Structures are given as structure tokens and as C-alpha cells.
Amino acid sequence: MTPAQSRRARAALDSFAIETPSWGFADTGTRFGKFFQDASAIDLGDKLADAGHVHALTGCCPTVAVHVLWDFKAGEDPKAVAKLAKQHGVKIGSINPNLFQDQCYKWGSFGNNDAAVRAAALQHCVDSVAIGQAVGSEYVSLWFADGTNYPGQGSIRGRKKTFEDSLRALHAKLGPKQTMLVEYKPFEPAFYATDIADWGMALLLAKKAGPRAKVLVDTGHHYTSQNIEQIVAWLLDEDMLGGFHFNDRRYADDDLTLGSIDPYQVFRIFHEIHFFAADRGRMPKIAYMIDQSHNEKPKIEATIQTVVMAQELYAKAALVDHEDLRRAQAANNVVDAELILKKAFFTDVSSAIAAWRKANKLPADPLAEHRRVGYTKQAGADRKRRRQELGITQGGSYA
Ligand SMILES: [Mn+2]
């Protein structure tokens, strides 16, 4: 690695922040059940402590995404939560309404054919917007479990219309500093027609909702072999890419740690972002967030793994020689164009990352440092006892 490449990698890391999810520190399950870990977070205080610990080790995770129903108690002052986050050295990041857990959502939320349920869903989102404003959060992040399971079950166009109306009504409630992120997913829990099934649908709905609605790309929410970096490039070109949910997948929405299956795909996504920035002379504003379910890996270790992997691949992608790539593309030099990407991907960026960590007074190896300080042992002893006191012995639902 040349000194110039090292500078480029370090500069990329300077502006690369990753949001951790509160639910990534708690016991979450598969569709079939939930297995407890001694050290997993029980309440929001634990989650924020864990998130603060990850940020202290990595230096790039200053915000925490929260799930309104799982993290906020009814009647609780959101400012108290913001204060608690501050005590742990982090801030509240994206606000995630929950539109899939309550019984009223059996037939959907914004896609429900009952106007009263749609109104309840909208009110919950409006409340989430207010929480976001109270805690100084920039993003309201929307994922809908809405859909139908059998042909003929619902009016596809009717549901599209109620989604358009509800999202537009919600957009009108956003504060001047808030952005609304619309996530898509091809299937699960609905298996015939998910209402926002792909990026095109999310894009259309976001455009109709208003100028501060953007698309959120969850890397696991695509069909096998779908070209995610192409979607990213198109959304960038339309100024409609709002953010990411990082995870990896082998089959469906597996919520594995980032790059555990296909690091080259993550690199290619980051390359499209750096290439766009080089062409336009500005780095787009993108919310990089993690959305994973850590069933077998210890929660904090899994989170650190994803953060470190994202940093490494982001730094590698920053090394692509854009001048050479443009030349190769202009000359239809397919082999060289591909090799330019591969060369950056296979460059060892560890020395640049080590230098960046040293300059920011961070541990050289966040995972090793996490293990060394014995955080999990302490948290495990404390939380195991509290879990017993609370009588939490059986895990049923997802969260
Ligand atoms: Mn997601």
C-alpha cells in the first residue's frame, strides 16, 4: 500500500459512521423460538451500555437505532432516553416504528382495508416522529410487514393507494431536520405479495410521499443473485438513496453478520458510492445502519465483527483508481476494468486501519480488546441474575 493509498483509506474512515441497532444487543429469535444468552441486553439501559461499549472500542458507532415498541415505555419522556444514551457516550439514531406486532395489524398497517387500523398505524408513526424530534434524531425508518399470502386476497392497487396516502400524511408531519426512510423486502412475512416488495416500489412511494422520503436498502432484502450495487447506483443517481441496513444472507433474509458470506458484494456496493462521490465531487448523505439478528454469536462480538468488516471493505473500495477505471470503461477494456476493482479488493488495508485507530486513540483490535476487558463476563453475571429475578425463562416471540 502506498502512502497516498493509506491517506485515501484513512480519509474514507474519517467520514464513515455506522449505527448499531438496539435490538442487535438483545435476545432476538428465529421464527421458531428464542435462545437466551447470559450477557444479552434485557432493557434499553443495557442496550445503550452495549452500544456505548462498541462505540468506545471502534470509534465509528456514535448512534443507536431504537424500536419504539421495544425500547420506549408508554408515557416515558423521550428526553430521559436521550440523556441515558448520552451517559453511555452515544446518541439516539433512527426511530423505528413497530407496525407488525400488535393484534390490530393482522391484516396489515398502511395496507389494511380498515381505515381505523390505518389511522392507528399512522398515529404510531406520527408519535415516532415526535419522539425523533424530542431526541434530536434525523431519521424515521419504516419497514412494513404488510402483504397478502394468497392470490386474490387483497386489491393490489387498493393497497398501493392506501400506502401512498398514509406515507404522504406521515411525510407532512416530519420536522425540518427529519428524513423518512422507506424499506422494501420481497417476501416474509407475506408470501404472495408484499406491499413494498422491491426498490422500485419503495422509490415510487418515497417520491410520492415528499422530498424528505428516501429509500432504505437492507442488503438481506433481495432475491438470490440480485445485483444490489446496481440498485444502489440507480438510487444514488436519482438522489434517492437514504440509507442501508447491513447484514448478509445465504438464502433469504438471514440477518447474518456483514460480509460473512459475500464480502465482495459489500465491496462492490461501497465502490458504487465512492465512484459516485468521485464523479459528483461530493459524498452523498447516507445513513449506514446495522440490522442483524445474532442468534448464535455473542451479540457484542457479532456487532464488532460487522463494524470492523464494514470499515475494512469501505476502505478497500476507497482505493479503486477511478481515473484508470473511467479509461478502461471508455475503451471497453473489460479485463482491466474488472482487475481495477479486484486489485483494490485484494489490497491489504490493515496498516491504514491500524494507523486510523491509533490516530483516534482506539484499540488496535476492537474484538481482542472487548474480550480482554471482560465486559461479557461482567454483563453476563449481572444480566443472568436480573433475568432470573424478572422470571424471564422462556423465549417465544421474535423480540
Ligand atoms: Mn432492515
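Provided above is the structure to which this section pertains.
None of these values were measured; they are calculated from a predicted model.

*Asks:* Outline the overall build of the protein chain, supporting the account with residue identities and numerical values.
*Replies:* The number of helices and strands found in the protein chain is 15 helices and 10 strands. A compact globule built from 399 residues would reach a C-alpha radius of gyration of about 21 Å, and the protein chain, at 21 Å, matches this within 12%. For the C-alpha atoms alone, the extent of the protein chain along its principal axes is close to 60 × 50 × 40 Å. Expressed as a percentage of its 399 residues, the buried residues of the protein chain come to 45%. For the protein chain, restricting intrachain contacts to residue pairs at least 6 apart in sequence, the fraction spanning at least 24 positions comes to 79%.

*Asks:* So what's going on with the pairing of strand β4 (residues 139–142)? Residues and values would help.
*Replies:* Residues Tyr139 and Ser141 of β4 are buried on one face, and the alternating residues Val140 and Leu142, pointing to the opposite face, are buried as well. With 4 bridges connecting them, β4 and strand β6 (residues 179–183) associate as parallel partners. Considered in β6, the bridge of leucine 142 is made with valine 182.

*Asks:* Outline the pairing of strand β3 (residues 91–96), listing residues and values.
*Replies:* Taking burial as the measure, the 6 residues of β3 include 5 buried ones, the bulk of the element. Where strand β2 (residues 63–67) meets β3, 4 bridges bridge the pair, whose relative direction is parallel. If you follow valine 64 over to β3, its bridge partner there is isoleucine 92.

*Asks:* Give a description of the packing of helix α1 (residues 3–14) against helix α10 (residues 299–317) that names residues and reports values.
*Replies:* It is the contact of α1 with α10, at a shortest axis distance of 8 Å, that shows an interaxial angle of 130 degrees. In terms of their interaxial angle, α1 and α10 are classed as oblique. α1 and α10 meet at a crossing whose hand is right-handed. Between α1, through Ala9, Ala12 and Leu13, and α10, the contact on the second element is made entirely by Gln311, Tyr314 and Ala315. Counted by class, the contact of α1 with α10 contains 5 nonpolar, 1 polar and no charged residues.

*Asks:* Could you give an account of the nonpolar core, with specific residues and numbers?
*Replies:* Residues Met180, Val182, Ala202, Val215, Val217 and Ala315 are the most contacted members of the largest nonpolar core, which totals 94 residues. Top element by residues in this core is α10. It accounts for 9 residues. For methionine 180, the residues in contact, after removing those within four places along its chain, are Val140, Leu142, Leu170, His171, Leu174, Ala209, Arg212 and Ala213.

*Asks:* Give me the environment of alanine 364: which residues, what numbers.
*Replies:* Counting through the fold element by element, alanine 364 comes out in the loop between α13 (350–359) and α14 (366–373). Note on alanine 364: 11 C-beta atoms within 10 Å, which makes it exposed. Here the alpha-carbon distance between alanine 364 and isoleucine 353, two residues 11 residues apart in the chain, equals 8.5 Å. Excluding its chain neighbours within four sequence positions, the residues that come into contact with alanine 364 are Ala354 and Arg357.

*Asks:* Lay out helix α8 (residues 228–237) in plain terms, naming residues and giving numbers.
*Replies:* Of all the positions in α8, only Ile228, Ile231, Val232 and Leu235 are classed as buried. The buried residues of α8 occupy an angular sector of 100 degrees when the element is viewed end-on, so they sit on one face. Close packing links the buried residues of α8 with α7 (199–209), β8 (213–218), β9 (241–246) and α9 (263–280). At the exit of α8 stands aspartate 239, carrying a positive phi of roughly 55 degrees.

*Asks:* Could you give an account of the packing of α8 against α9, naming the residues involved and the relevant values?
*Replies:* The interhelical angle for the contact between α8 and α9, taken along N-to-C directions, is 20 degrees, at an axis separation of 9 Å. Here α8 is positioned roughly parallel relative to α9, judged by the angle of their axes. Crossing of α8 over α9 shows right-handed handedness. Here α8 contributes Ile228, Glu229, Val232, Ala233 and Leu236 to the contact with α9, which in turn contributes Gln265, Arg268, Ile269, Glu272, Ile273 and Phe276. Tallied by class, the residues present in the contact of α8 with α9 amount to 7 nonpolar, 1 polar and 3 charged.

*Asks:* Lay out the environment of alanine 130 with the relevant residues and their values.
*Replies:* Its location among the elements puts alanine 130 in helix α5 (residues 115–135). Taking the C-alpha atoms as reference, alanine 130 lies 8.7 Å from lysine 173; in sequence the two are 43 residues apart.

*Asks:* Can you tell me about unusual backbone geometry, naming the residues and giving the values?
*Replies:* Cis geometry marks the peptide bond from glutamate 188 to proline 189; its omega dihedral reads 5 degrees. Looking at where proline 189 falls in the secondary structure, it is placed in the loop between β6 and β7 (193–194). Notably, serine 225 is not glycine yet its phi reads approximately 75 degrees, a positive angle. Topologically, serine 225 is positioned in the loop between β8 and α8. Of note, the phi angle at asparagine 332 is positive, near 55 degrees, even though the residue is not glycine. Among the secondary structure elements, asparagine 332 is positioned in the loop between α11 (322–330) and α12 (334–345).

*Asks:* Describe α5, with residues and values.
*Replies:* If you check α5, its first and last C-alpha atoms are 30 Å apart, about what 21 residues at 1.5 Å a residue would give, namely 30 Å. Buried within α5 are the following residues: Val117, Arg118, Ala121, Leu122, Cys125, Ser128, Val129, Ile131, Gly132 and Val135. Downstream of α5 by a residue or two, glycine 136 has a phi angle that is positive, lying close to 75 degrees.

*Asks:* Outline the environment of serine 351, supporting the account with residue identities and numerical values.
*Replies:* Along the chain, serine 351 turns up in helix α13. Since 12 C-beta atoms lie within 10 Å of it, serine 351 is described here as exposed. With 35 residues separating them along the chain, serine 351 and arginine 386 place their C-alpha atoms 42 Å apart. Non-local contacts of serine 351, meaning those with residues more than four positions away in its chain, are made with Met1 and Ser6.

Cut-offs used in this document
- Within each chain, residues carry numbers counting from 1 in the order of the written sequence.
- The predicted nature of this model means local features are confined to residues of pLDDT at least 70 and side-chain atom pairs, given and counted, to a pLDDT of 80 or more, with totals for whole chains, interfaces and linings taken over all residues.
- Runs of H or I in DSSP of at least four residues are treated as helices and runs of E of at least two as strands, each being numbered from the N terminus.
- The globule rule is 2.2 Å times the number of residues to the power 0.38, and the radius of gyration it is compared with is taken over C-alpha atoms.
- Counting other C-beta atoms within 10 Å of a residue's C-beta gives its exposure: the residue is buried at 20 or more, exposed at 12 or fewer, and partly exposed in between, where C-beta atoms are placed from the backbone.
- Any two residues are considered in contact once their C-beta atoms, placed from the backbone, lie within 7 Å.
- Any two strands with at least two DSSP-identified bridges between them are counted as paired.
- The convention used is that axes are lines fitted to C-alpha atoms, helices contributing only their stretch in contact, and that angles between N-to-C directions extend from 0 to 180 degrees.
- Here the word oblique covers every angle except those under 35 degrees (roughly parallel), over 145 (roughly antiparallel) and from 65 to 115 (roughly perpendicular).
- When the near helix sits turned anticlockwise from the far one by under a right angle, the crossing is termed left-handed; a clockwise turn instead gives a right-handed crossing.
- Classes in brief: Ala, Val, Leu, Ile, Met, Phe, Trp, Tyr, Cys and Pro nonpolar; Asp, Glu, Lys and Arg charged; the others, Gly included, polar.
- For our purposes the nonpolar core covers buried Ala, Val, Leu, Ile, Met, Phe, Trp, Tyr and Cys residues that link as a set through C-beta atoms within 7 Å.
- Of all possible arcs, the one meant is that of the directions from the helix axis to the C-beta atoms.
- To estimate the expected span of a helix, subtract one from its residue number and multiply by 1.5 Å.

Honestly, that's just the spatial picture; any functional story needs more than this.
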